[in-house]
Amino acid sequence: MAGLSKDPFAAPDRVELRTLAQLAQRGDWQLDLLHDRSHHLIIWITRGQGLALLDGVRRGMGTHNVLFVPAGTTLALELGRPGFGQALVIPDATELRLPGQAHHLRIRDVTAQSELTALFEALHREQTNARPLLSEAMEAQTALVSVWLRRQLALDEHTPKPLKAANRLSRAMCRRIAQEFRSGAPMADYASALGVTPTHLTRACKASTGKTAADLLTDRTLYEARHLLTFSDVQVQDIARYLGFGSAAYFTRFMQHHTRHSPTELRKLKPAKGAAPSAGTLRA
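A brief structural summary. As the structure is a computational prediction, the values presented were derived from the model and not from experiment.

### Considering unusual backbone geometry
Note: most peptide bonds trans; most residues except glycine with negative phi. Here the phi dihedral of A130 falls at roughly 50°; this positive angle occurs in a residue that is not glycine. With respect to the element layout, A130 can be found in the loop between α3 (110-129) and α4 (134-153). By relative accessible area, A130 is classed as partly exposed at 48%. Despite not being glycine, R260 shows a phi value in the positive range, around 65°. Structurally, R260 is set in the loop between α10 (248-259) and α11 (263-267).

Quick look at the structure:
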């Protein structure tokens, strides 16, 4: 299905440093809605407070917090307007050594805070100056960030606490959503695959994330729909089919109910022509 353009702020082929504002350049939905990405993120929050829904668990987030989000891990991030954070965007195919799972760290040690801030400042300088061997320099600095991160994870204070049963079930649901949200499967199928009743699944997700299982699935579908409407010229009926809707009319009602705009109206908000290079295809 021709017509999918590459989001210029999506997966890079080299390490890049971006602000959270750049990650949400087309609207808060790019961070607020549950989604997963094809690249790794190391997020450093230096101002503000908010909430992060990371790998099926909601967490309070504040100044001097670090989020490591592996490729394919579900994330939703809400940071208040005074807040500021930066994200290292790392290709999935990187040879850098990174942790094997998602982490949320609250960095209380002033020396550790200063070390990571200095590393991000060095990355910013390299990217801004764009000198020869930029990619190699960015990767070298990111390797130092990875060392810093793995040193922190080795500390007793950052040993992850055992998850409650509701957290484990919510995490399993979010991982299944990331893989199957385009199937159009009803909630009963998700619950059956996880070996629980729909009611139990809903309660567990609500306790762990503040959202029901249906809300999480809706958020992921909305994110994908808005992404495709923003960054592609794919026909609405083809997007509807790709996302598992029975008809374009049903898809339109879904979008109007959740955004108060039709797909056509949302499409008018996409980047100017030429801003998103390299045409591709939709693949289920």
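### Here's the deal with the sheet that holds strand β7 (residues 75-79)
Read across the open sheet, the three strands follow the order β5-β4-β7; overall the sheet is antiparallel. Two strands in the sheet have a free side with no partner beyond their single neighbour: β5 (57-61) and β7. In this sheet, adjacent strand axes meet at a mean angle of 15° when their direction is disregarded. The pairing of strand β4 (residues 50-54) with β7 spans five bridges and is antiparallel. Directly across from L53, in β7, lies its bridge partner A76.

### A closer look at the pattern of salt bridges
Opposite charge on two side chains makes pairing possible when the charged atoms of those side chains draw close. Applying the stated criterion across every chain yields a total of 10 salt bridges. E16 is the partner of R18 in a salt bridge, and the nearest nitrogen-oxygen pair spans 2.7 Å. Classification of R18 by relative accessible area gives buried; the value is 3%. The salt bridge involving D219 is made with K211; its shortest N-O contact spans 3.2 Å.

### Considerations on a negative patch on the surface
Together, D109, E115, D156 and E157 make up a negatively charged patch on the protein surface. Assignment of secondary structure puts E157 in the loop between α4 and α5 (165-180).

### Concerning the side chain of N167
Here N167 shows up in helix α5. Note on N167: relative accessible area 15%, which makes it buried. A distance of 2.8 Å separates polar atoms of two side chains, one belonging to N167 and the other to S208. When sequence neighbours within four positions are dropped, the list of residues in contact with N167 reads G56, V57 and S208.

### With respect to the packing of aromatic side chains
Applying the stated rule across the entire model yields four aromatic pairs. Seen from their ring centres, F245 and Y250 are 5.4 Å apart, and the 70° between their planes marks the pair as edge-to-face. The class of F245 is buried, set by a relative accessible area of 13%. Ring geometry for F245 against F251: centres 5.2 Å apart, planes inclined by 65°, an arrangement best described as edge-to-face. Grouping residues by exposure puts F245 and F251 together as buried. Taken together, the ring pairs in this structure connect F245, Y250, F251 and F254 into an aromatic cluster.

Cut-off values and rules
- Residues numbered from 1 in each chain as written.
- Predicted model: local features only at pLDDT ≥ 70, side-chain atom pairs only at ≥ 80, totals over all residues.
- Heavy atoms only, no water.
- Helix = DSSP H or I, 4+ residues; strand = E, 2+ residues; numbered from the N terminus.
- Buried < 20%, exposed > 50% of the residue type's maximum accessible area, 1.4 Å probe, protein only.
- Pairing = 2+ DSSP bridges.
- Axes fitted to C-alpha atoms, helices over the stretch in contact; angles between N-to-C directions.
- Salt bridge = Lys/Arg side-chain N within 4 Å of Asp/Glu carboxyl O.
- Patch = residues over 30% accessible without salt bridge, like charges linked within 9 Å, V, L, I, M, F, W, Y side chains within 5 Å.
- Areas by Shrake-Rupley, 256 points an atom, 1.4 Å probe, with all protein chains shown as cover.
- Lys, Arg positive; Asp, Glu negative; His and termini not counted.
- Charge placed at Lys NZ, Arg CZ, Asp CG, Glu CD.
- Polar contact = N/O pair within 3.5 Å; in protein donor to acceptor, adjacent residues only side chain to side chain.
- Contact = heavy atoms within 4.5 Å.
- Phe/Tyr/Trp six-rings, centres within 6.5 Å; stacked < 30°, edge-to-face > 60°.

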